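Each chain, written out:
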Amino acid sequence: MEKAAESLGRFIGAHRRFELTDVINGGAEIFHDYGHNPTEMRNAVAIARKRCKGTLYAVMQPHTFSRVKRLFDDYLTCTQIADITLVTDIYAAREKDPGDIKAEMLVEGMRKNGINAIHTPTFDDTEAYLRAHWQPGDLVLTMGCGNINQLNAASQFANTMATLLGSGLAMNRAISITANVLDNYYIGQEVGKVTGLMEEGRGVGASLRESGCMPDILVDMVAVGETTGEMEQTLSTIAGYYDTELDMAITSALNKLEPAVLVFMAAVAGFIVIAVY
């Protein structure tokens, strides 16, 4: 029982399911959820609404052109209880752009349904808007199953690289190790290809840019660090910029789980007693 309670006490939630990925600007929380259809998004926003103490920003990355066309009307109301909805360009995934459906069409339809919707085509556009507006107590919820969680991987990449370079490892070796420890398998694979591009004589910044696996702002800062010869310090700065601070989420999760754990353990004990006697 003690081992079970200990294991449950370490549980901080499922990866990419209303996952706290950062706390910045004195208390603005950033969550990510894998939800990529209107029903999942509606549920995720409802959870965020209960937690948010300030302005709730719903950031939506629509997934595939065919899905957006099929569920178009549902998308137009799924973030209705958010204060502001930011809509990125549609993530194509396996599809080609048919040319007859755009994120702007979603934004227009949302506005007709009373939603304060804004088109922020790229991650950089989205981040720029948020940094210009968010305040302590606000909550940002990014939603999608595409590459929108690329922003999460950026923090892990910068932290790991800064640590490895600080320990004296060569750049190529540091990148190879980092690629293997990234939580996101796809992004890890793409980071791993960077070493091959570097062996062809390209710089770290140029190789990362070509791979397309990291946000532009991280790539730009890496290029600056490469030019100035201060890569370790630059990566440490980037890590601080993206750093994940989970203490608040862990404390909250443990407080909420404690009663449930006690009930669960009591039920297990009761079952064992009944089974024995």
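Each chain carries its own residue numbering, running from 1 in the direction its sequence is written. In view of the model being predicted, local features appear only for residues whose pLDDT reaches at least 70, and side-chain atom pairs are presented and counted only at 80 or more, with totals across whole chains, interfaces and linings using the full set of residues. For side-chain calculations, the full set of non-hydrogen atoms in the structure is used, while hydrogens and water are omitted.

### Here we look at the overall build of the protein chain
Put simply, the rule reads: The numbering of helices and of strands both runs from the N terminus, where a helix is a DSSP run of H or I of at least 4 residues and a strand a run of E of at least 2. Burial classification: accessible surface area is computed with a 1.4 Å probe over protein chains only, and a residue below 20% of its type maximum counts as buried, one above 50% as exposed, and the rest as partly exposed. Note on areas: these come from Shrake-Rupley sampling with a 1.4 Å probe, and a residue is covered only by the protein chains present in the view.
Counting secondary structure elements, the protein chain contains 14 helices and six strands. In the protein chain, which comprises 277 residues, the proportion classed as buried is 44%. Surface accessibility of the protein chain: about 14200 Å² in total, with carbon and sulfur atoms responsible for 55%.

### Concerning the pairing of strand β4 (residues 84-87)
What counts is decided by this rule: When DSSP finds at least two bridges between two strands, those strands are taken to pair. For a crossover, the right-handed case is the one in which the path from the first strand over the helix to the second runs clockwise, viewed with the strands pointing away from the viewer.
Here β4 shows no split at all, with Ile 84 and Leu 86 on one side and Thr 85 and Val 87 on the other all buried. Relative to β4, strand β3 (residues 56-60) runs parallel, the two being bridged by four bridges. Bridged to Tyr 57 within β4 is Ile 84. The parallel pair β4 and strand β5 (residues 117-119) is bridged by helix α5 (residues 103-112), and the resulting crossover is right-handed.

### Description of the packing of helix α11 (residues 204-211) against helix α12 (residues 216-228)
Applied cut-off: Axis geometry follows a simple rule: fit a line to the C-alpha atoms, using only the stretch in contact for helices, then measure angles between N-to-C directions, giving values from 0 to 180 degrees. Should an angle lie under 35 degrees it is considered roughly parallel, over 145 roughly antiparallel, and from 65 to 115 roughly perpendicular; all remaining angles are considered oblique. Two helices crossing with the near one rotated counterclockwise from the far one by less than a right angle form a left-handed crossing, whereas a clockwise rotation gives a right-handed crossing. Residues are treated as being in contact if the distance between any of their heavy atoms lies within 4.5 Å. Side-chain classes are defined by residue name, with Ala, Val, Leu, Ile, Met, Phe, Trp, Tyr, Cys and Pro counting as nonpolar, Asp, Glu, Lys and Arg as charged, and the others, Gly among them, as polar.
At a minimum axis distance of 8 Å, the contact between α11 and α12 shows a crossing angle of 165 degrees. The orientation of α11 with respect to α12, classified from their angle, is roughly antiparallel. Considering the relative orientation of α11 and α12, their crossing is left-handed. Residues Val 204, Gly 205, Leu 208 and Arg 209 of α11 touch α12, and the partners they reach there are Asp 216, Leu 218, Val 219, Asp 220, Val 222, Ala 223 and Glu 226. Residues belonging to the contact of α11 with α12 are distributed by class as follows: six nonpolar, one polar and four charged.

### Quick look at the side chain of His 36
Applied cut-off: For the purposes of these results, a polar contact is taken to be a pair of N or O atoms within 3.5 Å, where, inside protein, one atom must be able to donate a hydrogen and its partner to accept one; residues adjacent in sequence count only when each atom of the pair is a side-chain atom.
The residue His 36 is located in the loop between β2 (28-33) and α2 (38-51) in this model. The class of His 36 is buried, set by a relative accessible area of 13%. A distance of 3.1 Å separates a polar atom in the side chain of His 36 from the backbone oxygen of Tyr 34.

### Some details on α5
The cut-off we apply is this: Directions pointing from the helix axis toward each C-beta atom define the arc.
Within α5, the full set of buried residues consists of Ala 103, Leu 106, Val 107, Gly 109 and Met 110. Down the axis of α5, the smallest arc covering the buried residues is 165 degrees, so these residues share one side. For α5, the elements touching its buried residues are β3, α3 (65-70), α4 (72-75), β4 and β5. Phi for Gly 114, located one or two positions after α5, is positive at around 85 degrees.

### Re the nonpolar core
Nonpolar side chains tend to gather and get buried jointly when the protein is soluble and globular. This is how the line gets drawn: Remark: nonpolar core denotes a set of buried residues (Ala, Val, Leu, Ile, Met, Phe, Trp, Tyr, Cys) joined through side-chain atoms within 4.5 Å.
In terms of nonpolar packing, the biggest core is built from 31 residues, with Val 45, Leu 56, Val 68, Met 110, Leu 139, Leu 141 and Met 143 touching the most fellow members. Sequence-distant contacts of Val 68, defined by excluding residues within four places in its chain, comprise Pro 62, His 63, Tyr 75, Ile 90, Ile 101 and Leu 106. Judged by nonpolar contacts, the second largest core, of 28 residues, contains Phe 157, Leu 165, Val 204 and Leu 218.

### Side note on the sheet that holds strand β1 (residues 19-24)
An order of β1-β2-β6-β3-β4-β5 is seen for the six strands of this open sheet, with the pairing classed as mixed. Bordering the open sheet on either side are β1 and β5, each of which pairs with just one other strand. Across the sheet, the mean angle separating the axes of adjacent strands is 20 degrees when strand polarity is ignored. Where α2 meets the sheet, it contacts β2, β3 and β6 (139-143), and its direction lies at approximately 165 degrees from that of β6. Sheet strands in contact with α5 are β3, β4 and β5, and its direction is about 165 degrees off that of β5.

### A few points about unusual backbone geometry
Phi is positive for Thr 64, which is not a glycine, with a value near 70 degrees. Mapped onto the fold, Thr 64 is located in the loop between β3 and α3. Of note, the phi angle at Ala 93 is positive, near 55 degrees, even though the residue is not glycine. In this structure, Ala 93 sits in the loop between β4 and α5. Residue classification places Ala 93 among the partly exposed positions, given a relative accessible area of 40%.

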